[in-house]
Amino acid sequence: MKPEATTPSSSGWRTPFVVFGIVGVVAAAGAIWEALYYATSPALSSASLGTTLGIVIAVVAFVAVALWAPPND
Amino acid sequence: MTSTGTTGDYPSVASFERPPALVQVLNDTEEAIRARLAKLRLFDRVFLLHRDWMTRITMLMIILAIFWGAVGGFDAFGFQTQVVGYATSGTLELSNQEIYSSVTLHGIRMLFGFAQQLEMAFFGLLLVNVLSLTPKFKWRLYTAVGLLNLSIIFIEGPIYLVPFNDNYFPSTGWTFLSPLGVNGQSLYVVSPLFFVGFLFLGIAMFLWTWWMLSHFLAWYRTDAARAGRLPVFVLFLLVTVILIPITYGPLLVSTVWDLGTYFAGWPINALANQVIFWMFGHALVYLLFLLPVTGFYLLLPILARRPPYSYRWAFVSALMFVLLTPLLGIHHLYLTPLPGWSVWVTMALSFAIVLPSAITFFSVWMTLKGVPSSQWEWNVVALFALLSFGGSIFGGLSGPMLATVPWDLSLHNSLFVLSHFHALTILSITAGGFALAYAFFPILTGRSWFSGRLALVHFVLTLVGGLGLIIAFDQLGDLGVLRRSFLLPGLPEVTMYQIVLFGSIVVILVGQLFFVLNGFLTVFLSPLFSAEGLTFDEAVRKAAQSTCPTARRVPIGDIPYVRRVPRVRRERAERVWVGTVVVLLVVVLVASTPATLSTSNGIGSPSDPPPGTEFVSMHAQQYYWAVSEHGRVNGTFDNVIVAYADQPVEVNATASGATQEFYLPLRDATPVSFEVVPGTPSYALFTAPSTPGVYAVPDGEYDGPWFGQDVAALVVLPAPGATNSLAAFQSSSGEGDIYNPPIVAASSADLVGDGAGLFNHSVPGPTLSAAAGPVSFSWSVPLSSIGVNNYLVNVTSNTANQQQQYVISRNYTLPFQFGVWAIRPATGLAFVSSAPLRINADETESANLTAGAYLYGVVQPIDYSYNPAGDSGGSTGSDTGFVMGLWGVLWVAT
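Throughout, a residue's number is its position along its own chain's written sequence, starting from 1. Chains carry letters and ligands carry numbers; both start at the beginning, A for chains and 1 for ligands, and go up in the order they are written. Given that the model is predicted, a residue must reach a pLDDT of at least 70 before its local features are reported, and side-chain atom pairs must reach 80 or more before they are shown or counted; all residues, however, enter totals for whole chains, interfaces and linings.

(A) Examining the overall build of chain A more closely. A run of H or I in DSSP becomes a helix once it reaches four residues, and a run of E becomes a strand once it reaches two; helices and strands are each numbered from the N terminus. A tally of regular secondary structure across chain A gives 2 helices and 0 strands. Partly exposed residues are those whose C-beta has more than 12 but fewer than 20 other C-beta atoms within 10 Å; with 20 or more the residue is buried, with 12 or fewer it is exposed, and the C-beta atoms are placed from the backbone. For chain A, the proportion of its 73 residues judged to be buried stands at 40%.

(B) Examining the nonpolar core more closely. Residues and elements named next belong to chain B. Structurally, a nonpolar core is described as a collection of buried Ala, Val, Leu, Ile, Met, Phe, Trp, Tyr and Cys residues joined by way of C-beta atoms within 7 Å. In this structure, Phe 384, Tyr 438 and Val 715 are the most contacted members of the largest nonpolar core, which totals 312 residues. With 23 residues, helix α9 (residues 270–304) is the largest single contributor of residues to this core. Here contacts are defined at the residue level, using C-beta atoms placed from the backbone and a cut-off of 7 Å between them. In contact with Tyr 438, not counting residues within four places along its chain, are Val 380, Val 381, Phe 384, Ala 455, Ala 544 and Thr 547.

(C) Geometry of the packing of helix α4 (residues 96–130) of chain B against helix α5 (residues 138–156) of chain B. All names here are of chain B. Lines fitted to C-alpha atoms define the axes, with helix axes restricted to the stretch in contact, and inter-axis angles between N-to-C directions lie between 0 and 180 degrees. Between α4 and α5, the shortest axis-to-axis distance is 10 Å and the interhelical angle comes to 180 degrees. Taken as axis vectors, α4 and α5 run roughly antiparallel relative to one another. Contacts from Leu 105, Ile 108, Arg 109, Phe 112, Gly 113 and Gln 117 in α4 reach Leu 148, Asn 149, Ile 152, Ile 155 and Glu 156 in α5. The nonpolar class holds Ala, Val, Leu, Ile, Met, Phe, Trp, Tyr, Cys and Pro. Asp, Glu, Lys and Arg form the charged class, and all remaining residues, Gly among them, are polar. Here the residues of the contact of α4 with α5 are counted per class, giving 6 nonpolar, 3 polar and 2 charged. Each angle gets one of four labels, with under 35 degrees taken as roughly parallel, over 145 as roughly antiparallel, 65 to 115 as roughly perpendicular, and the rest as oblique.

(D) A look at the environment of Glu574(B). All names here are of chain B. Note on placement: Glu 574 falls in helix α19 (residues 567–604). Exposure remark for Glu 574: the 22 C-beta atoms within 10 Å place this residue in the buried category. Sequence separation of Glu 574 and Arg 226 is 348 residues, and the distance between their C-alpha atoms is 29 Å. If sequence neighbours within four positions are ignored, Glu 574 has contacts with Ser 310, Trp 313, Phe 362 and Ser 363.

(E) How the structure looks around the sheet that holds strand β13 (residues 711–717) of chain B. All names here are of chain B. Here a strand pair is declared whenever DSSP counts at least two bridges between the two strands. Ordered in space as β7-β13-β12, the 3 strands form an open sheet in which the pairing is mixed. Edge strands, defined here as strands with exactly one partner in the open sheet, are β7 (640–644) and β12 (693–698). The sheet shows a mean angle of 25 degrees between the axes of neighbouring strands, taken without regard to direction. Examined bridge by bridge, β12 and β13 share 6 bridges and lie antiparallel to one another. In the sheet register, Pro 698 faces β13, and the bridge partner there is Val 711.

(F) Structural context of the interface of chain B and chain A. Across the boundary between the two partners, chain B contributes 50 residues, which contact 42 residues of chain A. Ranked by the residues each element gives to the side of chain B that touches chain A, the list is headed by α19(B), at 13 residues. Taken together, the residues of the side of chain B that touches chain A sort by class into 30 nonpolar, 11 polar and 9 charged.

(G) Spatial organisation of helix α3 (residues 53–89) of chain B. In this scheme, a helix's expected span is set at 1.5 Å multiplied by one less than its residue total. Taking 1.5 Å of rise per residue, 37 residues should cover 54 Å, and α3(B) covers 53 Å from first to last C-alpha, within 8% of that figure. Following α3(B) by one or two positions, Gly90(B) adopts a phi angle in the positive range, close to 75 degrees.

(H) Expanded view of unusual backbone geometry. Residue and element names in this part refer to chain B. Note that the residue after Gln 622, namely Tyr 623, is joined by a cis bond; omega there is 25 degrees. Within the fold, Tyr 623 resides in the loop between β4 (614–620) and β5 (625–630). Cis rather than trans, the peptide bond between Val 763 and Pro 764 has omega equal to -10 degrees. Looking at the element boundaries, Pro 764 is found in the loop between β15 (750–752) and β16 (767–771). Of note, the phi angle at Leu 48 is positive, near 55 degrees, even though the residue is not glycine. With respect to the helices and strands, Leu 48 occurs in the loop between α2 (41–47) and α3. You will see that Asn 639, though not glycine, has its phi angle at about 65 degrees, which is positive. Here Asn 639 lies in the loop between β6 (635–638) and β7.

Here it is in structure tokens:
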């Protein structure tokens, strides 16, 4: 997929899109951190690893699709 | 802008449309009261008594929501003071009934009095304003609000003023898992007012729904054709209105069933009742979650000055919330003996409901893409919306963890559940509610916010306290700590995180004081807020701007907006995102299916036992397990299961009085966890740990005010002829079960009874180790430990020191045998020595013992009945049960 060009109006790290994105990623990282206790435990990982990986891939996809998607212009 | 209805907007009633006589009487009465109270400036300003009825009732609902939120916050504070007090100094100031009822009422007040009421207030206000309706059916709304608040008072149950006794609050848990609390079914019987309160609550919500639908239908008949499509956030208002009867209907069914059993002895099926209840219990959380979702779709487009990213996908999201929300209740009952297929289907549906949330958060975020920073103002409305956005993602992503059945074995009923739940309720729902409150309070009161800085402090403290609380819950959950119990393992990390939790609660509560202070200062000191000549969006931006803590301001005016990116391109991005999520959900579902079916089928029906299996029949009483075994170990025990290392154990469990959970939290091995619901047997086949030792098996499901003492022990014996040292058990930390009692040498043991009737704050008491031959250990139960929370003395007077006087009057001797019994694998318990329990004396227990496992202490449950001044009864409730806490295992090595 070819990345969409961003408009000049959406550039800059202080735009609400960027700030909400950073907070969303930090929040998702927090949830993944919670999951890692179980995913990295030798005794508990088999029950939790599949869902943990699913969450990690979903978060990556969330950001990737959002960056690729056209702006709300 | 459409007004919320100032006095001039008061709906006129034509002379030929006189209201019914009753309504007229009510109107006249209300007006008389309003006119008198309005003369008092305090009441007039705070309750907006000079305004129209719709504004007044909305303001009243907001104030009542804050009131219940404050009381509910102090409930949590009160509970946590006892947890920390017991963990750090071993003291308790409140009775068991008060402590556990504070948790119940915390949930009730926060969920219904605060969050549900706040949602009703904002949604009613928004519907009337956005659709430009004249509010009608005043007394229908008044009745709904009155019943809602009355319901919370009823749920509290009675308080005796003379002699004072507030111990009949409900110690049930807000979930009131049937049959706990039901007369004739459970040893803990709650006041029937509790159930009547829930009836009122359900009726209140139906009335409010009727009120909302009446207005929406009135708009639909007259204005819908020319109004075009509904704004996205109104779609979510409608979702809420549709879901409420679907949600509260099951509550009414469950409650009426419990009441019928309570008073008329109707037969009860506890498992079926719980399934019905959770159709309400789960959907309720989604109902409240629609508050921030609606807030996002309302506020962010206004603040960004552009429409939502995709109307169609928002519509799909709304539709999916309606279809899926009522179907997820069983995921609170994963570990009960329900059919495996129903558990699997619920897990699949629980994964599916990730989709509408995924659509929502993608759409909301993408709505902001392209908004320049020069057009965006970081006021407190935007900050709370940001917090709610992050909190929803943080809390939402832990939902699939709990929804994965094999993972839930480790998470169920642990404090991890509360980490997930509070991430949603505090950082998502409450933060979203505050975003709406900051945006609409000036519009409602007609005054701009007094201080943006106070609002900022409120935001920061809510953020800091909320994060601290969630992280503390998460860490405690990782350790395997159960929710609700105030008697916790005395490990340093457990105590530390409990202190962090307590501190976080304090920070949150202090933060809310700034909100209340700002509100008061606003209604008394702030300049008037005028929306004259402004559009709805401009008015909201103006209100939000009054919360801006910095000097930087962005003009509030609307900006002409022309779509440049075609819909098809935006929707293509949405499709890619949704498609990715669907694929991931399917893959995770398929991967989790074998373990899910294995888990569920293993609980609902017995598995084929391999040769050498130990067969254990367990009957869960309030508050102990009655155990009967045959196989390599034979005998009957109270609260003790005996097996050999690596031996397969097949459990056939039943329960009476309350649902209970067999919870063996082996964090370093395989946890064993299943629920036992009265009336339906549960099964488990597991392998005993390979390391001999004493493993704690707490009851994981709250079953009444003596829940904390309800802990059994799995005594794992070494293979015949093998060494029975506890060294391996100690070096492996008992397979990571933090509830395992500490191990101390019998010769140096200093066992001291505490106020909860436990030795050294541990249940079972410390495991005493000794070598074969002459064995002795010292113990004492101080007179000072005897009080209302000590089940050893069945005197529940409120008069000070009555329990101790009882002991003194009986020459410091209680009628329970304290001693040592041997665990004989062939025959069960064998008497070694015993004598009546002595209080306030330093005792030494001595015997000549061979190698093996022994029980010490009072090894039979003690019959307890709470009945101060004869108050227990049909209208107040009662609390009886069989409690066993002053015991432990004596491990004698070769």
